[in-house]
Amino acid sequence: MPLKGASLGYRYSKNEWLFREKNILVEPGEVVGLFGPSGCGKSTLGKLLSGHMSTQEGRVLIGGRSLADRTFNPVQLVLQHPEHAVNPKWRMRSTLAEAGEINPTLLDELCVEQEWLDRYPHELSGGELQRICIARALGRDTRYLIADEMTTMLDAITQAQIWQAVLRWAQANQAGILVISHDRNLLEKICFKVEEWTTD
Ligand SMILES: Nc1ncnc2c1ncn2[C@@H]1O[C@H](COP(=O)(O)OP(=O)(O)OP(=O)(O)O)[C@@H](O)[C@H]1O
């Protein structure tokens with residue numbers, strides 16, 4: 001069941017079209033990079049593919065069916081700033097529970113300490129919070145991850161640790177990943193192929 005963005009077009013209010021006729025394909029188990037100049041629309045595309053924003057032109061399909069036809073969202077989006085993605089009034093255990101049952105091995109591989117789960121978001125570092133957001137995104141029903149500058153704010157060791165765990169999860173579950181990043185080294189290291197965003 002590939003994730004397909006077909007002939008996508010998007011414009012913010014009455015602005016010019018940011019892009020039109022944009023196509024993207026991620027196959028199960030595939031890691032695809034997306035590289036392009038700042039402001040070209042990569043994050044917007046990520047939000048369309050994950051159903052965080054509605055399409056204006058074109059369609060997002062998984063195995064030929066639209067995201068809206070499903071009871072769960074199999075395409076999870078993780079952004080750069082985890083503090084915007086969690087409820088500040090919830091302890092991490094409740095945040096994590098949003099994804100249903102989480103595989104304890106995954107938490108171990110992401111180096112999430114049990115003690116963090118009793119804390120509130122402001123009691124964790126950005127990197128610790130991001131690991132929990134990633135664990136939440138990799139729930140049982142997730143088929144695709146859109147990683148939009150997901151590890152940009154982290155040090156090199158943490159970044160490597162996280163990607164190792166995420167790539168292992170993807171391989172074990174035959175899940176696909178779209179990696180949006182300005183870090184060409186990272187993309188070349190982890191992706192099967194890198195799509196260059198071209199403004200036609
Ligand atoms: N909510 C919004 N309202 C109006 N314009 C927006 C909105 N969100 C983004 N934009 C504009 O749309 C364009 C594309 O933004 P987007 O975040 O998708 O680009 P990007 O390629 O991910 O950029 P970067 O690499 O800098 O993160 C930018 O010019 C941005 O200013």
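Residues numbered from 1 in each chain as written. Predicted model: local features only at pLDDT ≥ 70, side-chain atom pairs only at ≥ 80, totals over all residues. Heavy atoms only, no water.

Naming follows an unreviewed UniProt entry, where the protein appears as ATP-binding cassette domain-containing protein of Paenibacillus whitsoniae.

Novice: Would you mind showing me how to read the site of the ligand here?
Specialist: As a structural note, the neighbourhood of the ligand is formed by Y12, L18, P37, S38, G39, C40, G41, K42, S43, T44 and H182. Within the side chain of T44, one N or O atom sits 2.6 Å away from an oxygen atom of the ligand. Summarising the interface, the protein chains cover 54% of the accessible area of the ligand, which totals 650 Å² for the free molecule. For the shell around the ligand, the residue count by class is four nonpolar, six polar and one charged. (Near = heavy atom within 4 Å. Polar contact = N/O pair within 3.5 Å; in protein donor to acceptor, adjacent residues only side chain to side chain. Areas by Shrake-Rupley, 256 points an atom, 1.4 Å probe, with all protein chains shown as cover. Nonpolar A, V, L, I, M, F, W, Y, C, P; charged D, E, K, R; others polar.)

Novice: Even after reading the chapter, I still don't get helix α1 (residues 42–49), so can you show me in this structure?
Specialist: One turn of the α-helix equals 3.6 residues, which is why residues spaced by three or four share an orientation. Counted residue by residue, α1 has six buried out of eight residues, so it is predominantly covered. Every buried residue of α1 is accounted for by K42, T44, L45, G46, L48 and L49. (Buried < 20%, exposed > 50% of the residue type's maximum accessible area, 1.4 Å probe, protein only. Helix = DSSP H or I, 4+ residues; strand = E, 2+ residues; numbered from the N terminus.)

Novice: Help me understand the sheet that holds strand β8 (residues 176–180) in this model?
Specialist: In any sheet, the strands associate via hydrogen bonds between backbone groups, in a parallel or an antiparallel arrangement. Here five strands make up an open sheet; going across it, the order is β6-β7-β8-β3-β9 and the pairing parallel. Strand pairing shows two members of the sheet lacking a second neighbour, β6 (75–78) and β9 (193–196), which therefore form its edges. Within this sheet the neighbouring strands show an average axis-to-axis angle of 20°, counted without direction. Taken together, the four bridges between β6 and strand β7 (residues 144–148) define a ladder with parallel strand orientation. The residue bridging V75 from the neighbouring strand is Y144, located in β7. Strands β3 (31–35), β7 and β8 of the sheet are contacted by helix α5 (residues 156–173), whose axis makes an angle of about 145° with β8. (Pairing = 2+ DSSP bridges. Axes fitted to C-alpha atoms, helices over the stretch in contact; angles between N-to-C directions. Contact = heavy atoms within 4.5 Å.)

Novice: Where do I start with the pattern of salt bridges in this structure?
Specialist: Note on pairing: side chains with opposite charge can pair once their charged atoms come close. For the structure shown, the criterion picks out nine salt bridges. With its nearest N and O atoms 2.6 Å apart, the salt bridge here joins R119 to E115. Classification of E115 by relative accessible area gives partly exposed; the value is 45%. Ionic pairing is found between E195 and K193, a salt bridge with its closest N-O pair at 4.0 Å. A relative accessible area of 28% means that E195 is categorised as partly exposed. Overlapping salt bridges, with partners in common, bring together E30, K193 and E195 in one network. (Salt bridge = Lys/Arg side-chain N within 4 Å of Asp/Glu carboxyl O.)

Novice: How do you make sense of the nonpolar core when you look at a structure like this?
Specialist: Side chains of nonpolar character tend, in soluble globular proteins, to be buried together. L145, M150, W163 and V166 are the most contacted members of the largest nonpolar core, which has 38 residues in total. Leaving out residues up to four positions away in the same chain, M150 has contacts with V78, L79, Q130, I134, L145, I162, W163 and V166. Among the nonpolar cores identified, the runner-up in size contains 23 residues, and V26, I62, Y144 and I180 belong to it. (Core = buried A, V, L, I, M, F, W, Y, C linked by side-chain atoms within 4.5 Å.)

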